[in-house]
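Structural features, examined
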Amino acid sequence: MSRVFNFGAGPAMLPLEVMEKAQAEFLDYNGMGASVIEISHRSKEFDAIINRADELLIELAGIPDNYKILYVHGGAQMQFSAIPLNLINRLPARKASFVLTGSFASKASKEAARYGSMLEVASSKDQNFSYIPEFDPAKLDPESSYLHITSNNTLFGTRWHSFPETGDVPLVADMTSELMSRKLDINKFGVIYAGLQKNLGPSGLAVVIIREDLLEHALPETPSMLNYKTYAEQHSLANTNNTFAIYMMQLVLEWLKDQGGVDAIEQRNEEKAKLVYDCIDGTDFYYGTAQAAHRSVMNVTFNLSNEDLLANFLSEADKNGLYALKGHRDVGGVRASIYNAMPRAGCEALVDFMKDFEKRNG
Ligand SMILES: *Cc1c(COP(=O)(O)O)cnc(C)c1O
């Protein structure tokens with residue numbers, strides 16, 4: 001068996017140890033003679049899995065007692081609807097503020113506009129989302145039910161290195177492409193949500209971390225399976241949840257704990273990203289597409305100064321076991337997604353290839 005270094009943005013590679021464990025126990029979970037996907041979501045065995053997932057999230061992310069953890073159907077983009085349905089009615093003006101740092105942020109803002117007024121606080125669209133725009137949180141409309149940001153912009157390769165102090169306006173963050181990759185002060189946020197398929201497991205499910213007092217404001221027409229309160233009251237098991245995704249996430253979190261937790265993985269992630277950025281910055285052959293001060297640690301975006309060489313670069317990389325490096329069509333060029341599960345050896349192999357390609361074509 002030979003596995004590629006998978007630089008795909010998502011669904012992304014998962015740790016090999018996790019895949020092997022899932023494979024080994026797939027037919028017979030815990031000596032039950034049945035697979036984890038063949039047992040009831042109300043069985044004591046699954047109960048242990050979901051409880052352990054909660055416990056690991058609380059421990060590894062440092063989630064305080066006044067927050068609930070929810071496992072919500074539909075991945076990250078379903079939360080683009082669930083967030084306004086649950087929160088925009090927090091204040092009667094029904095306003096939601098947004099910082100537009102990429103396509104996902106823009107999509108999220110359009111969904112919110114169905115249920116109230118969308119206020120654009122700042123945007124980096126003028127330069128194709130290559131930076132995080134400045135704004136003064138003191139100028140936020142106090143009638144805003146929340147402020148929404150996308151903490152890491154998966155397509156464009158930028159991230160918020162620090163977060164705004166939003167006072168009484170709850171900060172809501174789409175952290176799909178970086179949750180559990182960096183230390184966070186959860187208290188700064190009203191809601192954090194993330195689709196699992198970047199750093200946590202399979203696609204189709206989102207983890208939502210929400211401050212308890214924010215569970216009380218859902219619009220009356222909110223479908224019950226999009227109402228966060230339904231999830232909070234029934235431990236995300238009001239209906240049959242995606243038991244396989246929760247199981248896989250639990251394994252990924254167990255792995256993360258074995259790696260030394262978020263502190264240790266954050267340091268390793270920064271070193272991995274630095275390897276690639278140093279290679280880009282060390283030559284005119286390549287250039288980064290995001291402004292240096294706003295660069296993502298998870299998604300490294302760059303291009304070749306001579307774009308005629310791009311197709312060759314990508315196809316040769318693929319032949320060398322460096323998979324899915326093609327940039328998103330909104331940016332072009334190359335994107336190396338290097339989430340928690342990407343080993344340092346993957347970044348080293350990429351850099352070796354980049355240097356060799358430059359030598360042969362420079
Ligand atoms: C991948 C991604 C999404 C899309 O997630 P889905 O689960 O496909 O809906 C949304 N936001 C961000 C920041 C992402 O990286």
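Procedures and definitions
- Residues numbered from 1 in each chain as written.
- Predicted model: local features only at pLDDT ≥ 70, side-chain atom pairs only at ≥ 80, totals over all residues.
- Heavy atoms only, no water.
- Phe/Tyr/Trp six-rings, centres within 6.5 Å; stacked < 30°, edge-to-face > 60°.
- Helix = DSSP H or I, 4+ residues; strand = E, 2+ residues; numbered from the N terminus.
- Buried < 20%, exposed > 50% of the residue type's maximum accessible area, 1.4 Å probe, protein only.
- Contact = heavy atoms within 4.5 Å.
- Near = heavy atom within 4 Å.
- Polar contact = N/O pair within 3.5 Å; in protein donor to acceptor, adjacent residues only side chain to side chain.
- Areas by Shrake-Rupley, 256 points an atom, 1.4 Å probe, with all protein chains shown as cover.
- Nonpolar A, V, L, I, M, F, W, Y, C, P; charged D, E, K, R; others polar.

1. What about the packing of aromatic side chains?
Counted under the stated rule, the structure contains 16 aromatic pairs. Each ring, one from F244 and one from Y247, has its centre 6.0 Å from the other, and the planes form 40°; the classification is tilted. With a gap of three residues between them, F244 and Y247 both fall in helix 6 (residues 243–258), about one helical turn apart. Classification of Y247 by relative accessible area gives buried; the value is 1%. Here F313 and F357 contribute two aromatic rings whose centre-to-centre distance is 5.2 Å and whose plane-to-plane angle is 85°, an arrangement assigned as edge-to-face. You can see F313 sitting in helix 8 (residues 310–319) and its partner F357 sitting in helix 9 (residues 344–361), a full 44 residues away along the chain. Taking the relative accessible area as the measure of exposure, F357 reaches 0% and is therefore buried.

2. Re helix 4 (residues 103–112)
Taken together, the buried positions of helix 4 are occupied by S103, A105, S106, A108, S109 and A112. At its buried positions, helix 4 is contacted by helix 3 (75–87), strand 3 (95–100), strand 4 (117–123) and strand 5 (144–150).

3. Quick look at the site of the ligand
Around the ligand sit 13 residues, and of these Q77, T154, D174, Q197 and K198 come closest. Between the ligand and the protein, one listed contact pairs an oxygen atom with a backbone N or O atom of A76 at 2.9 Å. With respect to the ligand, the side chain of D174 contributes an N or O atom lying 2.6 Å from a nitrogen atom. Relative to its unbound accessible area of 390 Å², the ligand is 86% covered by the protein chains. For the shell around the ligand, the element with the highest residue contribution is helix 3, accounting for four residues. Its residues assigned to classes, the shell around the ligand shows three nonpolar, eight polar and two charged.

All quantities given are derived from atomic positions and should not be read as evidence of function.
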